[in-house]
Amino acid sequence: DVQLQASGGGLAQAGGSLRLSCTASGLTFDDYAIGWFRQAPGKPREGVAVSRRSGGMTYYSDSVKGRFTLTRDNAKNTAFLQMNSLKTDDTAVYYCAVGTPILSALWDSRIYHYWGQGTLVTVSS
């Protein structure tokens, strides 16, 4: 039984920082793709950061590039999303996901078979 637990969300002020965590059980995600997605009120879900596998490339959406960083702690099956220089537009429910490491489709949510419950990030001005 594979489960992902996302945590670390909360209230931050614009310009501040938060670090989200995603801990997986039931799999070793060194060999899996990791994605962070978010859904803001009234908007569709969008990809934020994706990583094919440990040691591989990490890719970021234009809206967060230079501000957010995706990392992994393989020993603990935990992924992180460090969010700096937060903006009010970053307000969303953030989801972590683990799936098949298809290089050409890392932004396609369909390759991610396991999803965390989401953690709410609220950024105030």
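Relevant structure appears above.
Just so it is clear, the structure is predicted and the values come from calculations on it, not from any experiment.

## Considerations on a nonpolar patch on the surface
- A grouping of Met57, Tyr59, Leu103 and Trp107 is seen on the molecular surface, where their side chains present a nonpolar patch of about 410 Å² in accessible area.
- With respect to the element layout, Leu103 can be found in the loop between strand E9 (92-99) and strand E10 (112-115).
- A residue is classified by how much of its surface remains accessible, and Leu103, at 49% relative accessible area, is partly exposed.

## Topic: the sheet that holds strand E7 (residues 68-73)
- Taken in spatial order, the 4 strands line up as E1-E3-E8-E7 in an open sheet, and their pairing is antiparallel. The open sheet has two free edges, formed respectively by strand E1 (3-7) and E7, since each of these has just one partner strand. Each neighbouring strand pair of the sheet contributes to a mean axis angle of 15 degrees, computed without reference to strand direction.
- In terms of strand pairing, E1 meets strand E3 (residues 18-25) through 5 bridges, oriented antiparallel. Counterpart to Gln5 in the pairing with E3 is Thr23.

Criteria and thresholds
Residues numbered from 1 in each chain as written. Predicted model: local features only at pLDDT ≥ 70, side-chain atom pairs only at ≥ 80, totals over all residues. Heavy atoms only, no water. Patch = residues over 30% accessible without salt bridge, like charges linked within 9 Å, V, L, I, M, F, W, Y side chains within 5 Å. Areas by Shrake-Rupley, 256 points an atom, 1.4 Å probe, with all protein chains shown as cover. Salt bridge = Lys/Arg side-chain N within 4 Å of Asp/Glu carboxyl O. Helix = DSSP H or I, 4+ residues; strand = E, 2+ residues; numbered from the N terminus. Buried < 20%, exposed > 50% of the residue type's maximum accessible area, 1.4 Å probe, protein only. Pairing = 2+ DSSP bridges. Axes fitted to C-alpha atoms, helices over the stretch in contact; angles between N-to-C directions.

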